[in-house]
Amino acid sequence: MSQAFWLFGTHLSILADEHQTNSAYDLIEGQFPANMETPLHMHTKYAEQIYVLEGEFTVYMNKEKITLTPGEHLFILPNTPHVVAASSSKVNRALTVASPSGFAKLIRSVGISGEDATQPPDTPNDMGLFIELSKETGDVILGSPGARP
């Protein structure tokens, strides 16, 4: 079974999830196209750690703008409104640790299976399912892309 998915324009590979970690954490590798950003959101049930592998990410949280380059990382506490933006014009890759597990389940349920990180699917993700499952995983959308905390 494939563990690589497309979720709203981002290619995500689940490297470890609740099955391997006894629900302690999820480890996700994400590849973001240039200028892609998440909507303003927060996680109520898990913390998020971002570690940049390639490119550059700008994180907006607590009225701060934090730029991360390869080898840098940032810890985001639960209930912290934030935006993660791919700010390099090239490939932007990062590892995300969500602790405890929860994010991988959302990716598996709403993502569209796809091993090729260069070929997004023709079919859009199911926004209704995403909103429904986000309630279960504790993910709260606070604004559209472009909104800032």
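Anything mentioned here points back to the structure above.
Here goes a summary of the coordinates provided. None of these values were measured; they are calculated from a predicted model.

What counts and what doesn't
Residues numbered from 1 in each chain as written. Predicted model: local features only at pLDDT ≥ 70, side-chain atom pairs only at ≥ 80, totals over all residues. Heavy atoms only, no water. Buried < 20%, exposed > 50% of the residue type's maximum accessible area, 1.4 Å probe, protein only. Helix = DSSP H or I, 4+ residues; strand = E, 2+ residues; numbered from the N terminus. Arc of directions from axis to C-beta. Core = buried A, V, L, I, M, F, W, Y, C linked by side-chain atoms within 4.5 Å. Pairing = 2+ DSSP bridges.

Another point: helix H2 (residues 103–110). Residues of H2 that are buried include every one of Phe103, Ala104, Leu106, Ile107 and Val110, and no others. Projected onto a plane normal to the axis of H2, the buried residues spread over an arc of 160 degrees and lie on a single side.

Looking now at the nonpolar core. Counting 14 residues, the largest nonpolar core has Leu12, Ile14, Ile28, Phe103, Leu106, Ile107 and Val110 as its most contacted members. Elements that contribute at least two residues to this core include exactly strand S1 (4–7), strand S2 (10–16), H2 and helix H3 (127–137). For this core, the element with the most residues is H2, which contributes five residues. One finds Val52, Met61, Leu74 and Ile76 within the second-largest nonpolar core, a separate group that totals 13 residues.

Now for the pairing of S1. Neither face of S1 is left uncovered, since the one carrying Ala4 and Trp6 and the one carrying Phe5 and Leu7 both have all their residues buried. Where S1 and S2 come together, four bridges link them in antiparallel fashion. Its bridge partner lying in S2, Leu7 is registered against Thr10. Once S1 ends, the chain turns through two residues before running back antiparallel as S2, passing Phe8 with a positive phi of about 50 degrees. Examined bridge by bridge, S1 and strand S11 (residues 112–113) share two bridges and lie antiparallel to one another. From the neighbouring strand, Phe5 faces S11, where its bridge partner is Ser113.

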